[in-house]
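What follows is the residue order along each chain.
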Amino acid sequence: MKKNNIMNTKYIWLLLILISFSACNEPEDVLVDNNVLPEEELPALVAGSADFSNYVAIGASYTAGMTDGATFKAGQENSFPKMLSMEFAKVGGGDFVQPLVNDNFGGLAIGGNRVAPPRLVFGGAGPVPLESVIGPVTVTTDITVNNPTGPFNNLGLMGSPKSFHFIAPGYGNIANLPMANPYAIRLTGNTPNASLIDLAVNQNPTFFTLTFFSGNDALSYATSGGDGSEPLTDQATFDFAFNTAIQQLTANGAKGIVTNMAFPEDLPYFTTVPNNALVLDAATAGQLTGFFQAVAGIFTQVLIAQMVPPAQAQAIASQYAITFNEGPNRWIIDVPVTLENPLGFRQMTEDERLVLTIDQGALAQGYGSVALSNDVLQVLGLLQAGGTPTPEQGALVIGAVNGIDDSDVLDSDEIEALTNAIIGYNNTVEDFAASNENVALLDLKSIFADAIANGISFGDFTMTANLVTGGFFSLDGIHPTARGYSYLAFKYLETIDTHFGSNFVASGNIPNPGNFPTNYSPLLQ
C-alpha cells in the first residue's frame, strides 16, 4: 500500500506537468513554472530610478486593508501596502510599520462603548455579522486605552475620511470628538494635532502611494443613497485638498503613485440586490396594477378638487397608473416631490441601484410596492363596487404606496451627480500625474471596470465582481478580498516598472495570489 501511494504521487506530479504544457505556448514556460530551470534564468531585480528605503502609504480604507466591512489584524497584514513593502524590501526597502488592531474580530471602541462593529462573515447564503455566527464578542481595540505607538508607514484611514480631512489639523485629536476620526486618533500618537499628511511628510518618505484620495468624497454620498446626509465634496475643495497634499509629499523629491477613482455605482454594494426583484404571479401583478390605477383615479379627483383642469389633472395623475406583469418587476421608489411628480414616487429605471444593506425582509413584506391594511382593502372594495371614497379614504389608498427610501437607492439623478463629481476629481489627479515625472498614475478606474465587466485572471485564479463567489470583492461589496488586494499590489508594481524603470514583474517579484484568501473563517480570532 505504501509503495502504491508513492507511485500515485509520482504519476500525479507527471500529470500536473502535462496539464501545464497545455496552458503554455512554449516548453520553457512549463520548466520555469515548475521551478525546473534555475532561478538565475529570471533577471535580477532592479529598483530603477525609485528609492524605496522609506515607503509611506496614504489613503482611506483601501490603504488600511479594510475588508469584510471592518478593520482586523489579518486584513491589515494582507493590505496591499504591506504586500508592496515586502517586495520593496528586496531592493533596499526599510521596515513597514502598521497600526495593527488587537484582534481579528474587528470593530472599534471608545471607553468601552462600541463605535464600529466586528467584521462580516459568510453565513451560508450571504454576508452576516460575525456575532450572528459565533455569539457576542468583546471589541478589544479601544482608542482610550491601547493606541499603538507610531510613526506608521501605513497611514490608511478608516471611518470615511474625505479629501479635506487628510490635511485637517486635529482630525486625530481625541479632544475633538465627535468631530475627530477615531481611527485617526490611533495614528497621531504624541502629535494629536498633526494632519494625516503631516504624519506622512514628517517621516521624509522617499516613495509614497496616495490611493483613492477622493474615495469618500464620492463613496460616502453613494452609500448613503444620496439622501443629503453625506454631500458630495465640491470640486474646488477637492482640488485644494489634493494639491496641498501632493505638493507636500513631493516637496523633497519623493516619488510615488496616485490613483484615480472607480465609479461606486458599479461595485457589488450597488449591484447585488436586483432592482427588478419584485417577482409576481399573474394574479398579484393584476392586483397591483389595479391598485395603482385606483391611485391614479383618486389623485385625479384630488387635483380636480384643487381646481386643476380635468385634462391636466388626468395627465399628471396618469404617471401613477403603473402596470405590473407576471415575473420580475422593478420596485417603487420615493423621489423628491416636484410639480411634475407631486406624490413623490415612481418605478425604478434600469440603471438605478439598490444598496446592499437594504432590508430584504421588508422588501418581501411590501417595502418597494404597497403596504396594504384592512382599511385600505375596504376602500379598494368600495371602488370596485363603484362607490366614491371620501377624501380621508382616498388618502389612505395613496398613503399605502410604500416606496423605497432615498437612503436605500441611488436614483438616476444621484448617479449623474456622482459620475460628474468623480470625473472632475479624476481629472485633477490625472492632470497632475501627467505633468510631474516623479508621480505615476495607477488607473484604478479601468482596473475596476475590467474586473466588473470581464473578471480578472491572476496567477492560477480568475476573479469576478460577484459578491461572495467572485473572489475579488469582500463581503462588504466595496473593499477587495486579500486576494483582490494582491492583484492591486501587482498592478502597482507593474506601474512602478513602467514609470520608474524597475522590473518587479519581469523578475518574478510580485505577490502570489495563492497565498491570500478570499474569505476568513468565523473562528479566526
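Small disclaimer: the values here were computed from a predicted structure and weren't measured. (Residues numbered from 1 in each chain as written. Predicted model: local features only at pLDDT ≥ 70, side-chain atom pairs only at ≥ 80, totals over all residues. Heavy atoms only, no water.)

**Student:** I tried to follow the overall build of the protein on my own but got confused; where do I start?
**Tutor:** Along its length, the protein carries 19 helices and 19 strands. Along the longest, intermediate and shortest principal axes, the C-alpha atoms of the protein span 90 × 65 × 45 Å. Classification of the 525 residues of the protein by burial places 50% in the buried group. Once local pairs closer than 6 in sequence are excluded, the contacts in the protein between residues at least 24 apart make up 74%. Accessible surface, the protein as shown: approximately 23,700 Å² in total, 54% of it carbon and sulfur. Distance between charge centres in the protein, computed from 17 positive and 49 negative side chains, equals 14 Å. (Helix = DSSP H or I, 4+ residues; strand = E, 2+ residues; numbered from the N terminus. Buried < 20%, exposed > 50% of the residue type's maximum accessible area, 1.4 Å probe, protein only. Contact = heavy atoms within 4.5 Å. Areas by Shrake-Rupley, 256 points an atom, 1.4 Å probe, with all protein chains shown as cover. Lys, Arg positive; Asp, Glu negative; His and termini not counted. Charge placed at Lys NZ, Arg CZ, Asp CG, Glu CD.)

**Student:** Hey, could you run me through unusual backbone geometry in this one?
**Tutor:** In this structure, the amide linkage connecting Gly150 to the following residue, Pro151, adopts the cis form with an omega of 0°. Cis geometry marks the peptide bond from Leu177 to Pro178, where omega comes out at 10°. For Pro178, the position within the fold is in the loop between β6 (154-156) and α7 (182-188). Of note, Phe212 is a non-glycine position whose phi angle comes to about 45°, a positive value.

**Student:** Explanation requested: the sheet that holds strand β7 (residues 207-211) in the structure shown.
**Tutor:** Note: strands within a sheet are paired through backbone hydrogen bonds, in either parallel or antiparallel orientation. Taken in spatial order, the 5 strands make up an open sheet running β6-β1-β7-β8-β17, and their pairing is parallel. The open sheet has two free edges, formed respectively by β6 and β17 (439-442), since each of these has just one partner strand. For this sheet, the mean angle separating the axes of adjacent strands, direction not counted, is 15°. Along the sheet, helix α19 (residues 482-500) contacts β7, β8 (255-259) and β17; its crossing angle with β17, the most-contacted strand, is approximately 140°. (Pairing = 2+ DSSP bridges. Axes fitted to C-alpha atoms, helices over the stretch in contact; angles between N-to-C directions.)

**Student:** Could you clarify how one ought to interpret a nonpolar patch on the surface in this entry?
**Tutor:** A contiguous nonpolar surface patch, about 270 Å² in accessible area, is contributed by Val133, Ile134 and Leu523. Assignment of secondary structure puts Val133 in helix α6 (residues 131-134). (Patch = residues over 30% accessible without salt bridge, like charges linked within 9 Å, V, L, I, M, F, W, Y side chains within 5 Å. Salt bridge = Lys/Arg side-chain N within 4 Å of Asp/Glu carboxyl O.)

**Student:** It is not clear to me how the nonpolar core should be interpreted in this structure. Could you clarify?
**Tutor:** When a protein is soluble and globular, its nonpolar side chains tend to lie buried together. Core analysis: the largest hydrophobic core is formed by 142 residues, its most contacted members being Phe291, Phe292 and Phe448. Every residue in contact with Phe448, bar those within four places of it in the chain, is listed here: Tyr62, Phe212, Ala262, Leu267, Phe472, Phe473 and Leu488. (Core = buried A, V, L, I, M, F, W, Y, C linked by side-chain atoms within 4.5 Å.)

**Student:** Sorry if this is basic, but what is going on with helix α10 (residues 235-250) here?
**Tutor:** In an α-helix, one turn spans 3.6 residues; hence positions three or four apart end up facing the same way. Between its terminal C-alpha atoms α10 stretches 22 Å, which fits the 22 Å expected from 16 residues at 1.5 Å a residue. Of all the positions in α10, only Phe238, Ala241, Phe242, Thr244, Ala245, Ile246, Leu249 and Thr250 are classed as buried. Of the residues that open α10, the one with a side-chain oxygen 3.2 Å from the backbone nitrogen of Ala236 is Asp234. (Expected span 1.5 Å × (residues − 1). Polar contact = N/O pair within 3.5 Å; in protein donor to acceptor, adjacent residues only side chain to side chain.)

**Student:** What am I meant to see in the packing of helix α15 (residues 374-384) against helix α16 (residues 391-399) here?
**Tutor:** Pairs of packed helices are described in terms of their axes, by the angle between the two and the distance that separates them. It is at 9 Å that the axes of α15 and α16 come closest, and there the two elements cross at 115°. Put simply, α15 runs roughly perpendicular to α16. Handedness of the crossing formed by α15 with α16: left-handed. Residue-level inspection shows Asp375, Val376, Val379, Leu380 and Leu382 of α15 in contact with α16, the latter providing Gln393, Leu396 and Val397. In terms of residue class, the contact of α15 with α16 is made up of 6 nonpolar, 1 polar and 1 charged. (Parallel < 35°, antiparallel > 145°, perpendicular 65-115°, else oblique. Left-handed = near helix turned anticlockwise from the far one by under 90°. Nonpolar A, V, L, I, M, F, W, Y, C, P; charged D, E, K, R; others polar.)

**Student:** Hey, could you run me through the confidence of the model for the protein in this one?
**Tutor:** Do not read the predicted coordinates in detail wherever pLDDT is low. With 92% of its residues at a pLDDT of 70 or more, the protein has an overall mean of 90. Considering only residues more than four positions removed or in separate chains, one finds that residues 1-37, a stretch of pLDDT under 50, has 13 contacts. (pLDDT = per-residue confidence, 0-100.)

**Student:** Please explain the pairing of β8 as it appears in this structure.
**Tutor:** On any regular strand, side chains alternate: one points to one face of the sheet, the next to the other face. Burial analysis of β8 places 5 of its 5 residues in the buried class, which makes it a mostly covered element. Burial along β8 is two-sided: the face carrying Lys255, Ile257 and Thr259 and the face carrying Gly256 and Val258 are both buried. Taken together, the 4 bridges between β7 and β8 define a ladder with parallel strand orientation. Across the sheet, residue Thr209 finds its bridge partner in β8, namely Ile257. Sheet topology places β8 next to β17; 4 bridges connect them, and they run parallel. Note that in β17 the partner of Ile257 across the bridge is Ala440.

**Student:** Quick question: what am I supposed to make of the pattern of salt bridges here?
**Tutor:** A pair can form between side chains of opposite charge whenever their charged atoms are brought close. Applying the stated criterion across every chain yields a total of 6 salt bridges. For the salt bridge of Glu131 with Arg114, the shortest nitrogen-to-oxygen distance reads 2.9 Å. Here the residue Glu131 occupies a position in helix α6, and Arg114 occupies one in strand β3 (residues 113-116), the gap between them amounting to 17 residues. Looking at Glu131, the relative accessible area reads 23%, which means it is partly exposed.

**Student:** What is the right way to look at the side chain of Asp68 in this model?
**Tutor:** Note that Asp68 resides in the loop between α3 (61-64) and α4 (73-77). Notably, Asp68 is buried but unbridged: the nearest opposite-charge side chain belongs to Arg119, and the N-O separation is 5.0 Å. Ignoring anything within four residues of it in the chain, the contact list for Asp68 reads Arg119, Leu120, Ser474, Leu475, Asp476 and Tyr520.

**Student:** What am I meant to see in the packing of aromatic side chains here?
**Tutor:** Remark: the centre distance and the inter-plane angle together describe each pair of aromatic rings, the angle taken between the planes. One pass over the structure, following the stated rule, counts 35 aromatic pairs. Judged by centre distance (6.1 Å) and plane angle (85°), the ring pair of Tyr62 and Tyr485 falls under edge-to-face. Residue Tyr62 is located in helix α3, and its partner Tyr485 is located in helix α19; the two are separated by 423 residues in the primary sequence. Pair check on accessibility: Tyr62 and Tyr485 agree, each one buried. (Phe/Tyr/Trp six-rings, centres within 6.5 Å; stacked < 30°, edge-to-face > 60°.)

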